2 protein chains.
Amino acid sequence: MSIAGKLLLGQDQIQGQESSFQAINPATNKETGPVYGSATSADVDRACALATEAFQSYRQTSAELRAHFLDTIAHHIEQLDDELVTIAGSETGLPAARIQGEKGRTIGQIKMFAEVVRSGLWQTPALDSALPDRQPLPRPDLRRSYVPLGPVAVFGASNFPLAFSVAGGDTLSALAAGAPVIAKAHNAHPGTSEIIGLAIQQAVKDCDLHPGVFSLLFDQGFEVAQQLVSHPVIKAVGFTGSQAGGEALMKHAAARPEPIPVFAEMGSTNPVYLLPEALKTKAGEFAEGYCASLTMGAGQFCTNPGLLIAIDSPELDALLDDIGQRLDEAEPQTMLTPGIFRNYAQKVDKLLSKNDMTVHTPCKSAIAPNQCHPMLFSVSSETFLNDKTLSEEVFGPSAVVVRCTDLEDMLHITRSLEGQLTVTLYCDENDHSMAKPLFQELELKAGRILFNGFPTGVEVCHTMVHGGPYPAASDSRTTSVGSSAIQRFLRPVCYQNIPEALLPPAIDSQNSLNLRRLQDGSYNDR
Amino acid sequence: MSIAGKLLLGQDQIQGQESSFQAINPATNKETGPVYGSATSADVDRACALATEAFQSYRQTSAELRAHFLDTIAHHIEQLDDELVTIAGSETGLPAARIQGEKGRTIGQIKMFAEVVRSGLWQTPALDSALPDRQPLPRPDLRRSYVPLGPVAVFGASNFPLAFSVAGGDTLSALAAGAPVIAKAHNAHPGTSEIIGLAIQQAVKDCDLHPGVFSLLFDQGFEVAQQLVSHPVIKAVGFTGSQAGGEALMKHAAARPEPIPVFAEMGSTNPVYLLPEALKTKAGEFAEGYCASLTMGAGQFCTNPGLLIAIDSPELDALLDDIGQRLDEAEPQTMLTPGIFRNYAQKVDKLLSKNDMTVHTPCKSAIAPNQCHPMLFSVSSETFLNDKTLSEEVFGPSAVVVRCTDLEDMLHITRSLEGQLTVTLYCDENDHSMAKPLFQELELKAGRILFNGFPTGVEVCHTMVHGGPYPAASDSRTTSVGSSAIQRFLRPVCYQNIPEALLPPAIDSQNSLNLRRLQDGSYNDR
């Protein structure tokens, strides 16, 4: 497989005829890779028509075939080696080891979805028996299974060119659910998107699926995104990115004659609460872990710990000196795109211009294109509460420390926070009486709560919740990482008195798929 | 308990100070019951403040206490006898037997939610064990449980003054999930709402819960609804009613700084497909069942079968003659409100004025206030496809028959349909080869598929899906009837390395609640 700057429309590879663009290598600010032509409106229509054609047959594929398809995608991505690392590295500025690691994570995630499909864990079929003699009226035979919503549009993230992009969790969970996918490549890494798209295209072919199961579109601007989200054929949207981007898609989706769900993961500031006893007993350990988490991947993670909340004290001053010094000594890192770097620099400048703000890191100029330096600021809780902009996410390795007066102040700050992907409590055992009331408030603020760790590093597993109350995610009842991500693209259907021959196999009377099912309110033992 | 025209704000009973109104007895067009004052903006704020205060303690009640609370509500409603029937009858025109039946259904539904809470069936706790030795990085201990979204605003339906109103499925599923509820009474039955609200208020007191767990507001207009849905404290909305009403709430909810989910069940036309062999062999049985379903409750059901789709034939003509005659002989029925009657009469007039339309029932004038007569129309499939208004719901006992040419035509009609609560296939065994391709399309169009039955009559059970693709419901992934209705008001939280003392009991290490849990990808046996 070799990239050629082509859209993937089903099994076809086509040059887009709208305005063209190239990737920028953020380390050099030079163009890199092939020229991509944006998809035309007709290309979008074609991808949508193909997805519709594919939907009926694809949604009814057996678990075994669907799982095999996912495994085949994993296999083809596994085969991509130096070329992938070279392309992804030149488009993102990410080091080779990170890309290799993310590739492994992506393959692991695909295999997990294959396993979940194979095991039937993605569904909870249910049956309520007919009660022909019930008074005053008999009860019919009722069963519940699931159908996919329909074709899904996926918009990948800039910061995970593999794990949250063309073959990332959104695409794979939709495919696992039985939904065709039309992916719109992120402009920051079109080559990476294309090579991964080719791997999926090949897997569709290998498994003899309808070509419309997967298409990949490129676009220099926002027209393709708007057309996709407004297209009557598209029934759901997966998105990872900025709040502005997610909200734009949500508006388009809500304005349709038939509104559709947008599952947007929009990031957050991921508050870390450092409690007083831990500050006394574990300051060094904390400083080291916090700096590593804050600067990991140049701070370009949704779960970057951009807010540190602690009770003011001389120990806190000492800690902030220590963190400031560690950050000062950290190597500068190339950010993903010139735009992301500019945005980081502007937000840091805005923080630097604030009154009542202490800066714990020196201001350094970039010595190479798009290189950022980590920043640490601190403010009083009063200043923080009075200035909403201080609680906004800064995408990059910058953090604001809120100096609280006491537990009540911390609780007050907590209640004022918007929804978060994660919140972290850093405690010593002697902090637990203080942790408890905080914990009760924090449960209502985030999708994931951590103790004595750092939020970067999102496990791909059954229990993961990568989401949270708005604006961390558009729908707090869902997760974009882990096996439950499949649920977003499914809806239940109730079958009443359906003849055996027409029933979906998941709810047939002999339980031919050997699934765990809810039978008259109790789970069967299989 | 006796109604007095008062708002219920927590444990207080207060006279609303905004514009006042009274219920109208639709059988007489006369006012009935006490005068209700609309809630002021301050009353709404007070209800919201109370709900917020109640949320932390209520969400953490034990399953036993919460289930006992629901059972206590059921008990107090069970005690209401003649007074309830008298009040509800005078406000809705519904016969006593229907109100008694709906009361039984409502109590049964409440007890089901109590049982679901008690059994733990509403949640699927999950645990992924720590893997301290995993390479390249250890895996932390991860667990998943659920928290309620927060206080819920409920807007009941006109057509089920008990089962889909103040103590209906939305209120009870939210209370079961651990969410306080602020109910806005439907103006058509304020007295019924108040007496039921008093039963819930008493149960809150009996169980020594925070008074803010439940409030009931009245309003002559839409101000209270707008304020509630826009209020930052409200985190979700349950609604049953018209598409226009649901969409208005959705717009308010989407325009908030923090958008919230609106679970709106907005009705549909519930197409019934009568296949050719069944038309030959079961015409009499079908005509009888169809007329009973169409006229039940004066056709004022969300699941009323307002669309009949069949292949044109002399047998179909004979059937429509038969149905027309049966409908002509049906007793006229009082509709729920003067507004609903006017709307029905207007929509029927609009259908009567169409070209290319056959009318199979005589046009009769009302002989008593708000009494409707059933109507049956038929059109060609071509006319139906060219006139979108023919597929709109008529709330009342009116149906449109679509005369198709063949199976392809039926499939074409099916693909053109909007989302439905239900679709029905009426078949003989010899129709099954035709039923199969239809079935595959129908699965994608509705929340419930029935065979050889009629859609009115919604079972309250685990498998029920009362919802469907838009515009049948605002979120097709949910149901407003049955045990799964609880899920709408919950979101998952992931707990990472949380000390045992702080873990919610559902995910503690000893499984002290004895719940079915997903442990490292497999269900425990308990």
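Scope of this entry: the structure provided in the associated data block. (Residues numbered from 1 in each chain as written. Chains lettered and ligands numbered in written order. Predicted model: local features only at pLDDT ≥ 70, side-chain atom pairs only at ≥ 80, totals over all residues. Heavy atoms only, no water.)

## Observations concerning the sheet that holds strand E13 (residues 307-311) of chain A
Step number 1: Spatial ordering of the open sheet is given by E15(A)-E17(A)-E18(A)-E13(A)-E12(A)-E19(A)-E20(A)-E21(B)-E6(B)-E5(B)-E22(B)-E23(B), a layout of 12 strands whose pairing is mixed. Unpaired on one side and paired on the other, strand E15 (358-359) of chain A together with strand E23 (522-523) of chain B mark the two borders of the sheet.
Step number 2: Here strand E20 (residues 446-451) of chain A pairs with strand E21 (residues 490-496) of chain B via 3 bridges, running parallel. Across the sheet, residue Arg448(A) finds its bridge partner in E21(B), namely Cys494(B).
Step number 3: Lying on the sheet, helix H11 (residues 314-329) of chain A is in contact with strand E12 (271-274), E13, strand E17 (375-380) and strand E18 (398-404) of chain A; it crosses E17(A) at an angle near 160 degrees. (Pairing = 2+ DSSP bridges. Helix = DSSP H or I, 4+ residues; strand = E, 2+ residues; numbered from the N terminus. Contact = heavy atoms within 4.5 Å. Axes fitted to C-alpha atoms, helices over the stretch in contact; angles between N-to-C directions.)

## Thoughts on the interface of chain A and chain B
Step number 1: Taken together, the 70 residues of chain A in the interface contact 70 residues of chain B.
Step number 2: Summed over both sides, the interface between chain A and chain B buries roughly 6000 Å², with carbon and sulfur atoms accounting for 57% of that surface.
Step number 3: The three residues of chain A that bury the most area against chain B are Thr463(A), Arg477(A) and Leu502(A), which together make up 13% of that side's buried surface.
Step number 4: Salt-bridge contacts for Asp475(A) lead to Arg477(B); the nearest nitrogen and oxygen are separated by 3.1 Å.
Step number 5: Where chain A packs against chain B, one counts 40 residue pairs in polar contact (both at pLDDT 80 or more).
Step number 6: At the level of elements, helix H1 (41-59), strand E5 (126-128), strand E6 (142-148), helix H15 (432-442), E20 and strand E21 (490-496) of chain A are the ones that each hand at least two residues to the side of chain A that touches chain B.
Step number 7: The dominant element in the side of chain A that touches chain B, judged by the number of residues it contributes, is E21(A), at 7 residues.
Step number 8: Grouping the constituent residues of the side of chain A that touches chain B by class yields 37 nonpolar, 14 polar and 19 charged. (Buried area = accessible area lost by both parts, 1.4 Å probe. Salt bridge = Lys/Arg side-chain N within 4 Å of Asp/Glu carboxyl O. Polar contact = N/O pair within 3.5 Å; in protein donor to acceptor, adjacent residues only side chain to side chain. Nonpolar A, V, L, I, M, F, W, Y, C, P; charged D, E, K, R; others polar.)

## Quick look at unusual backbone geometry
Step number 1: Here the residue pair Tyr470(A) and Pro471(A) is connected by a cis peptide bond, since its omega of 5 degrees sits within 30 degrees of zero.
Step number 2: Position of Pro471(A) relative to the elements: it lies in the loop between E20 and E21.
Step number 3: Despite not being glycine, Ala298(B) has its phi angle at roughly 55 degrees, a positive value.
Step number 4: Considering the arrangement of structural elements, one finds Ala298(B) in the loop between helix H10 (283-295) and strand E13 (307-311).
Step number 5: Positive phi values are uncommon outside glycine, yet Asn497(B) reaches one of about 55 degrees.
Step number 6: Assignment of secondary structure puts Asn497(B) in the loop between E21 and strand E22 (518-519).
Step number 7: Residue classification places Asn497(B) among the partly exposed positions, given a relative accessible area of 35%. (Buried < 20%, exposed > 50% of the residue type's maximum accessible area, 1.4 Å probe, protein only.)

## As for the pattern of salt bridges
Step number 1: According to the stated counting rule, one finds 40 salt bridges over all chains in the structure shown.
Step number 2: Taken together, the salt bridges that share partners define one network made up of Asp475(A), Arg477(A), Asp475(B) and Arg477(B).

## Focus: helix H1 (residues 41-59) of chain B
Step number 1: With 19 residues, H1(B) should reach 27 Å at 1.5 Å per residue; the first-to-last C-alpha distance of 26 Å fits that figure.
Step number 2: Considering bend angle alone, the principal kink of H1(B) is centred on Glu53(B) and spans about 30 degrees. (Expected span 1.5 Å × (residues − 1). Bend = angle between axes of the 7 residues up to and from the residue.)

## What about the sheet that holds strand E15 (residues 358-359) of chain B?
Step number 1: Spatial ordering of the open sheet is given by E23(A)-E22(A)-E5(A)-E6(A)-E21(A)-E20(B)-E19(B)-E12(B)-E13(B)-E18(B)-E17(B)-E15(B), a layout of 12 strands whose pairing is mixed. Where the open sheet ends on each side, the last strands, each with one partner, are strand E23 (522-523) of chain A together with E15 of chain B.
Step number 2: Running at roughly 160 degrees to strand E17 (residues 375-380) of chain B, helix H11 (residues 314-329) of chain B makes contact with strand E12 (271-274), E13, E17 and strand E18 (398-404) of chain B of the sheet.
Step number 3: Each of E21 of chain A together with E12, E13, strand E19 (420-426) and strand E20 (446-451) of chain B touches helix H15 (residues 432-442) of chain B; the most contacted strand, E20(B), lies at about 165 degrees to it.

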